[in-house]
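# Summary of structural features
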Amino acid sequence: MKQRGSQLLRVWRYCFNFYGAAMLLFLIIPILVIVPLSFNAGSFLSYPINGFSLRWYESFFQSQAWLGALGNSLLIAPLATLLATVLGVLASMGLVRADFRGKNLMMAIIISPMVAPVVIVAVGMFFFFARLQLLNSYTALVLAHALLGVPFVVITVTAVLKSYDTRLSRAAASLGAPPLLVFRKITLPLIAPGVFSGALFAFAASFDEVVVTLFLASPAQRTLPIQMFAGIRENLDPTIAAAATLMIGASLILLVVMELLRRRGERMRSGQPAH
């Protein structure tokens, strides 16, 4: 009877592993199918590919439109990430350490850009920045993308702060350290994995944003996702496949960095040395 139960458990384990692998392939294959097309020697996005070529990567790096869009993304996303990280960390510390009525409502309002339909958020931002006469400007895009990134920072930093030992801060304060020094020398290093993880999520959200950018940006502020969207709508230029492959590679790098930060955070919480 015991042996039969062990065999049944083994069968269920195999079924579970097979199901997990099937779901992983189901999610990944539609993304990875674009990678071989970026090396296609032909002039159309179609299978089978007509030989190996780097012509579309060369087209990407020689095109003023694509490089301009990439430059806009690399300008807007870091600035928005920096602003979102600062605001998100401050909001997280206020939500965790302060005790006031309406805290849950405040948390819901802060993360609402993440859960609300992005079209509604984009329309609201359009009218808001139109009143301020900031439409078609980098300032509006940075502020809007930062607003979209704040919820990611708040969620990750709040989770880390809830496990933070506040006795460390109180001990430093009792020794005469000012609050800013306590935060810079003690609190920030301990919550750094959560801060960096939230910042990476905010960067990815900004770099990949399409709908809000469509409402707020002029052709001069066209970002890389907008350039890809325009390329799909106007003509199926295989350069899109090269751009998509580069974005997939950047996303994989972000995932690896976030996993390293997660492991570092676990080691720090368990008291093990972080390598």
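Residues numbered from 1 in each chain as written. Predicted model: local features only at pLDDT ≥ 70, side-chain atom pairs only at ≥ 80, totals over all residues. Heavy atoms only, no water.

### Some thoughts on unusual backbone geometry
- With a phi angle near 60°, Gln133 is a residue other than glycine that sits in the positive phi range.
- As for its position among the elements, Gln133 is in the loop between α6 (118–131) and α7 (138–162).
- Its identity is not glycine, yet Asn136 carries a phi of approximately 60°, on the positive side.
- Judged by its relative accessible area of 46%, Asn136 is partly exposed. (Helix = DSSP H or I, 4+ residues; strand = E, 2+ residues; numbered from the N terminus. Buried < 20%, exposed > 50% of the residue type's maximum accessible area, 1.4 Å probe, protein only.)

### Comments concerning a nonpolar patch on the surface
- Together, Tyr19, Met23, Leu24, Phe26, Leu27, Ile28, Ile31 and Leu32 make up a nonpolar patch on the protein surface, roughly 800 Å² of accessible area in all.
- Note that Ile28 resides in helix α1 (residues 2–32).
- Judged by relative accessible area, which is 31%, Ile28 ranks as partly exposed. (Patch = residues over 30% accessible without salt bridge, like charges linked within 9 Å, V, L, I, M, F, W, Y side chains within 5 Å. Areas by Shrake-Rupley, 256 points an atom, 1.4 Å probe, with all protein chains shown as cover. Salt bridge = Lys/Arg side-chain N within 4 Å of Asp/Glu carboxyl O.)

### Some points on the packing of helix α5 (residues 103–115) against α7
- Packing of α5 against α7 brings their axes to within 7 Å, and their N-to-C directions diverge by 125°. By the criterion of interaxial angle, the relationship of α5 to α7 is oblique. The element α5 and its partner α7 pack so that their crossing is left-handed. On α7, the residues that touch Met107, Ile110, Ile111, Pro113 and Met114 of α5 are Leu147, Leu148, Val150, Pro151, Phe152, Val154, Ile155 and Thr158. (Axes fitted to C-alpha atoms, helices over the stretch in contact; angles between N-to-C directions. Parallel < 35°, antiparallel > 145°, perpendicular 65-115°, else oblique. Left-handed = near helix turned anticlockwise from the far one by under 90°. Contact = heavy atoms within 4.5 Å.)

### Observations regarding the packing of aromatic side chains
- Counting across every chain of the model gives 9 aromatic pairs.
- Taken together, a centroid distance of 5.0 Å and an interplanar angle of 85° make the contact between Phe60 and Phe61 edge-to-face.
- With relative accessibility at 1%, the residue Phe60 sits in the buried group.
- A ring pair is formed by Phe203 and Phe207, whose centres lie 5.7 Å apart and whose planes are at 25°; its orientation type is stacked. In this pair, Phe203 and Phe207 are both assigned in helix α9 (residues 179–207), 4 residues apart and thus about one turn of the helix distant.
- Overall, the relative accessible area of 23% leaves Phe203 in the partly exposed class.
- Within the aromatic cluster, the residues linked to one another by ring pairs are Phe39, Phe52 and Tyr57. (Phe/Tyr/Trp six-rings, centres within 6.5 Å; stacked < 30°, edge-to-face > 60°.)

Taken by themselves, the reported measurements are silent on function.
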